[in-house]
Amino acid sequence: MKIAIYTLGCKVNQYETQAMEAELLARGHELVPFEERADGYIINTCTVTAVSDKKSRQVIRRARKENPEAVIGVCGCYAQTSPEAVRALEVDLISGTAGRMAFLDDLEAALEDRRAARLAGEGPRMTVDDALRRRTFEVLPAGGLEGRTRAMLKVEDGCVNFCSYCVIPYARGPIRSLSIPEAEEQCRRLGEEGYREVVLTGIEISSWGAERRDGTGLIDLIEAVCRALPAGTRVRLGSLEPRTITEEFCRRAAALPNLCPHFHLSMQSGCDSVLKRMNRKYDTARYYESVTLLREYFDRPGITTDLIVGFPGEREEEFRSTLDFVERCAFSAMHIFPYSRRAGTPAAAMAEQVPNAVKEDRAHRAGALARRLEEAYLDSWVGEVLPVLFEEEREGLWRGHAPNYVEVLVPGADLHNVERPVRLLRRQGSCLVGAL
């Protein structure tokens, strides 16, 4: 059977999609682009913002309109939190954020008897559980499709932080972690398959192992993964909670030669009063301590972050405090989001919701500052040499990433999945152009 998959959202969704892709290929199915005719379509949805919900619905409607006889299965966070809304979109299967292999079993069954089910007027098969009752980590195969240089390894699922704006704890449930032996085994396999970089991902990887209460933490996992991979295979970390960064964490992390010096520290606001309303568990002083520690232990590490602008009640002076703090931290790159109201979260019921026009203006101003800081960071590397792992060729140039996550462009012959030292010559937009 021909199967097409559309993925929205974060690296965890991307990881879970590639696991489903690998399983479908192993079962003998053919994967085709989503734009092509297929027997079955999978939409892996996201619900982190209202825009994500809208995009999920649009993709589902498009698939049904263009392929009225196909089987359409919907999974992911939007399906988990809003199954009735998905049911109304004429789909055949609805799953949530668990049981991926069972979801594929149901998809295959629906592909076999889709006409009979339609003629009988049966509604969609729905297998959405109560995410808050989950206690077991669902182990899925790590990796990526053939030809990729970078593999993702999901090591954690769930979150118990309950930030006042976020619906994800309700979609993903409590913390569950991949064991160290299982992580080591998956990394050994990825190394044998030729991957040159492994990205540790999860809903909140800083919480890895917290449910076990045996004294192990994320740095223990990182050390084990770095040791399990063959020499020359890099490890990159997903988003980190700022309090993860301690003196001990930095000392042990800096001793790992294959750990990429790129740290995405989730921030959301640079103003203490806003952070408190967000129910974040740190203040700007603790956040800046993390930034300072990373720069003490690593040479100009890539430090990236997320920022939400226009949170309920955010006054102009609070926003200006955030801009001042962003400049002080001098991030190498940022993701900036206008606040999105999510039904059922405490922030949705807060007074003083910020008008959309104000949110858009603040996003624009923050974006201008972020671009200036990114350009300054890139310029600081011009004239130096960094190892670059090359991934693909586009428009006559090979593209890859340095350990600090700077994207580098060079002319050259086939460099796919090859790491080479590159002298960085000049900045071009958000990339650096270099020579081997």
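What counts and how
- Residues numbered from 1 in each chain as written.
- Predicted model: local features only at pLDDT ≥ 70, side-chain atom pairs only at ≥ 80, totals over all residues.
- Heavy atoms only, no water.
- UniProt positions renumbered as here; feature names shortened; annotations may be inferred.
- Axes fitted to C-alpha atoms, helices over the stretch in contact; angles between N-to-C directions.
- Helix = DSSP H or I, 4+ residues; strand = E, 2+ residues; numbered from the N terminus.
- Parallel < 35°, antiparallel > 145°, perpendicular 65-115°, else oblique.
- Contact = heavy atoms within 4.5 Å.
- Phe/Tyr/Trp six-rings, centres within 6.5 Å; stacked < 30°, edge-to-face > 60°.
- Buried < 20%, exposed > 50% of the residue type's maximum accessible area, 1.4 Å probe, protein only.
- Polar contact = N/O pair within 3.5 Å; in protein donor to acceptor, adjacent residues only side chain to side chain.

- The protein is annotated in an unreviewed UniProt entry as tRNA (N(6)-L-threonylcarbamoyladenosine(37)-C(2))-methylthiotransferase MtaB from Candidatus Intestinimonas merdavium.
- Under the UniProt heading Cofactor (unreviewed entry), the note attached to the protein is "[4Fe-4S] cluster".

### Overview of the packing of helix α12 (residues 316-329) against helix α13 (residues 356-379)
So, step 1. Interaxial distance between α12 and α13 falls to 10 Å at its minimum, and their mutual angle equals 10°. Between α12 and α13, the angle falls in the class roughly parallel. In contact with Glu 316, Phe 319, Arg 320, Leu 323, Val 326 and Glu 327 of α12, α13 contributes Arg 362, Arg 365, Ala 366, Leu 369, Arg 372 and Leu 373.

### Side note on the packing of aromatic side chains
So, step 1. Counting across every chain of the model gives 11 aromatic pairs.
So, step 2. When the centroid spacing of 6.2 Å and the interplanar angle of 75° are considered together, the rings of Tyr 287 and Phe 331 count as edge-to-face. Note that Tyr 287 is positioned in helix α11 (residues 284-297) and Phe 331 in the loop between α12 and β13 (333-338), a separation of 44 residues in sequence. The same class applies to Tyr 287 and to Phe 331, which are both buried.

### Considerations on the environment of Thr 305
So, step 1. Along the chain, Thr 305 turns up in strand β12 (residues 302-309).
So, step 2. Since its relative accessible area comes to 0%, Thr 305 is described here as buried.
So, step 3. A distance of 3.3 Å separates the side chain of Thr 305 from the backbone nitrogen of Met 267, its partner in a polar contact.

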